[in-house]
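Commentary on secondary and tertiary structure
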Amino acid sequence: MIVRSINPQDFEMPLEGFQSFLTPVDQFFVRTHVYAPRVDAANWKLEVAGEVANPLSFTMDELKKLPRVELVGVLECAGNGRSFYDPPVPGAQWRYGAVGNARWAGVRLADVLKKAGVKNSARELIFDGADVPIGKMPDFQRGIPLAKALDPNTLLAYEMNGEPLTMAHGFPLRVVAPGWAADSWVKWLQGIQVLDREFDGFWMKSAYRRPEYPVRPGEAVDAAKMQPVTRLRVKSVISAPLDGTTVEPGRMLRIAGAAWSGDQGPANAVDVSVDSGRTWRAATLTGQATPYGWRLWEHMWTPPHEGFYTLMARARTMAGDVQPLAQEWNPSGYQWNVVHRVGVAVGNAAPAPAAPTSAPDVTQPDGFKTTCLVCHQEDMIQQQRLTRAQWNREIDKMAAWGAEAKPDQRDAILNYLVSRFGPRP
Ligand SMILES: Nc1nc2c(c(=O)[nH]1)N[C@H]1C(S)=C(S)[C@@H](COP(=O)(O)O)O[C@H]1N2
Ligand SMILES: [Mo]
């Protein structure tokens, strides 16, 4: 795994993960805003309350008496691809692999709701996990509208790829909202609140929103003009060859990858270009076709001549959604789905990529450790490439979440962050 943050855990799947239909659990990305809780299965219960006729609680045995349902589905973090946005935005700097495809097993959320008897007043559900916030961070509570909750494919899953969920992935129970971004797939589920209105907690009202209309890159966007991130966008990733590979002219090369989409319908076509997007050929879809899983694809190509070729893959849905060639910027760096491109040298080896220039060695100011590194480690900071104004806002956010910077240390911390972890060159 590619480690973005060791604790809290943010682990990314490497590109070769897109070669298998089901992502093995030990290769499956992990994203947690806080430290993973230890849930004691013996005392665990699921409480259902709010706009229901009979508030209920289920033990795992009781839950497992409901019909068991399985489905294959892509779980993708809304922030997958965030590192490609320019100007950069704060947050985990994912490249391609904050996504995976698994076989989930559990019960229908609709069956649970039926037992509780949802009232006519119900509008939205809010899920609460057993994780506890760090400092004064708001509790991670996310929900979905009633219609998505009643969809027969929305599950409460206790298994992933035929095994009980692991701690990292939400043991003992998590939400599976197929075709929707991962922030709705709440882990360590222990409570469901049925509400007669939209929930106004931080993780619904402020986080996981993007501008309703395209904005100028870097522009601050009025909260009233933001809309929730819900369904996944059509996307494909090239798993082979890797960027920068050198191959022989005249020898056949397999271009392969995976493609997926949201609940608007699966990605059912992938086109490949070996000439920077001038011409496109249909790739062959291989492996299993499922409504919510990813689809593997491949395309054989024999490079005719030496040179440097840009390969691209572009997925489509039946409804006509295609991957864009340029992405609208958004302030949180959500839902990157630009056509993936990979450079291949045919014949002459590609020049070695320039070594990354190391960050200037600036001494840590007093209070940096005790203010910043009590909740997370420096890896979380290192991956950001933010301007002074952005770092200033991050410090304000962290202070609101409980970081205690002494006023005389604040400036020194800000200067340090800007000089060591400033904007990309
Ligand atoms: N309780 C809880 N559920 C959560 C989160 C969290 O921090 N707490 N993170 C969400 C986000 S942002 C993502 S991307 C997915 C990641 O799921 P995974 O770690 O199983 O890949 O879990 C979601 N569910
Ligand atoms: Mo996420």
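Data block above holds the structure.
Our subject in this report is the structure included herewith. (Residues numbered from 1 in each chain as written. Chains lettered and ligands numbered in written order. Predicted model: local features only at pLDDT ≥ 70, side-chain atom pairs only at ≥ 80, totals over all residues. Heavy atoms only, no water.)

What follows covers the sheet that holds strand β20 (residues 281-282). With respect to topology, five strands assemble into an open sheet ordered β17-β24-β23-β19-β20, the strand pairing being mixed. Strands at the two margins of the open sheet, each flanked by one partner only, are β17 (245-247) and β20. By the bridge criterion, six bridges tie strand β19 (residues 267-273) to strand β23 (residues 307-317) in an arrangement that is antiparallel. Across the sheet, residue Ala 267 finds its bridge partner in β23, namely Thr 317. (Pairing = 2+ DSSP bridges. Helix = DSSP H or I, 4+ residues; strand = E, 2+ residues; numbered from the N terminus.)

Take the sheet that holds strand β21 (residues 284-286) next. The sheet built from four strands is open, its strands ordered β16-β18-β22-β21 with antiparallel pairing. Every interior strand has two partners, whereas the edge strands, β16 (235-240) and β21, have only one. On average, each strand axis in the sheet is tilted by 35° relative to the strand beside it, whichever way the strands run. Inspection of the sheet shows strand β18 (residues 253-260) paired to strand β22 (residues 295-301) by seven bridges, in the antiparallel sense. For Ala 256, the partnering residue across the bridge sits in β22 and is Glu 298. (Axes fitted to C-alpha atoms, helices over the stretch in contact; angles between N-to-C directions.)

This part covers the packing of helix α7 (residues 388-400) against helix α8 (residues 407-420). As a packed pair, α7 and α8 sit with axes 10 Å apart at the nearest point and diverge in direction by 130°. Here α8 runs oblique to α7, going by the angle between their axes. The two elements α7 and α8 meet at a crossing, and its hand is right-handed. Along the contact surface, α7 presents Arg 388, Trp 391, Asn 392, Ile 395 and Asp 396, while α8 presents Arg 410, Ile 413, Leu 414, Asn 415, Leu 417 and Val 418. In the contact of α7 with α8, the residues fall into six nonpolar, two polar and three charged. (Parallel < 35°, antiparallel > 145°, perpendicular 65-115°, else oblique. Left-handed = near helix turned anticlockwise from the far one by under 90°. Contact = heavy atoms within 4.5 Å. Nonpolar A, V, L, I, M, F, W, Y, C, P; charged D, E, K, R; others polar.)

Looking at the element boundaries, Ile 381 is found in helix α6 (residues 378-382). Spatially, the C-alpha atom of Ile 381 lies 25 Å from that of Gly 100, the residues being 281 residues apart in sequence. Look past the residues within four positions of Ile 381 in its chain and what remains in contact with it is Phe 368, Cys 372, Leu 373, His 376, Trp 391, Leu 417 and Phe 421.

The buried fraction of helix α2 (residues 109-116) is high, at six of eight residues. Taken residue by residue, α2 has Leu 109, Ala 110, Asp 111, Val 112, Leu 113 and Ala 116 as its buried positions. Just downstream of α2 lies Gly 117, where phi reads positive at about 70°. (Buried < 20%, exposed > 50% of the residue type's maximum accessible area, 1.4 Å probe, protein only.)

Our next topic: the packing of aromatic side chains. Under the definition given, this model contains 19 aromatic pairs. For the ring pair Phe 84 and Trp 336, a centre distance of 5.6 Å and an interplane angle of 45° mean the geometry is tilted. Of this pair, Phe 84 sits in the loop between β6 (69-76) and β7 (99-108) while Trp 336 sits in the loop between β23 and β24 (340-346), and the two are 252 residues apart along the sequence. The class for Phe 84 is partly exposed, based on a relative accessible area of 22%. Note on Trp 336: relative accessible area 16%, which makes it buried. When the ring of Phe 202 is compared with that of Trp 401, the centres are 5.8 Å apart and the planes differ by 90°; the resulting orientation is edge-to-face. With Phe 202 in helix α4 (residues 202-205) and Trp 401 in the loop between α7 and α8, this residue pair connects regions lying 199 residues apart in the sequence. (Phe/Tyr/Trp six-rings, centres within 6.5 Å; stacked < 30°, edge-to-face > 60°.)

Limitation: the analysis is restricted to geometry and does not speak to function.
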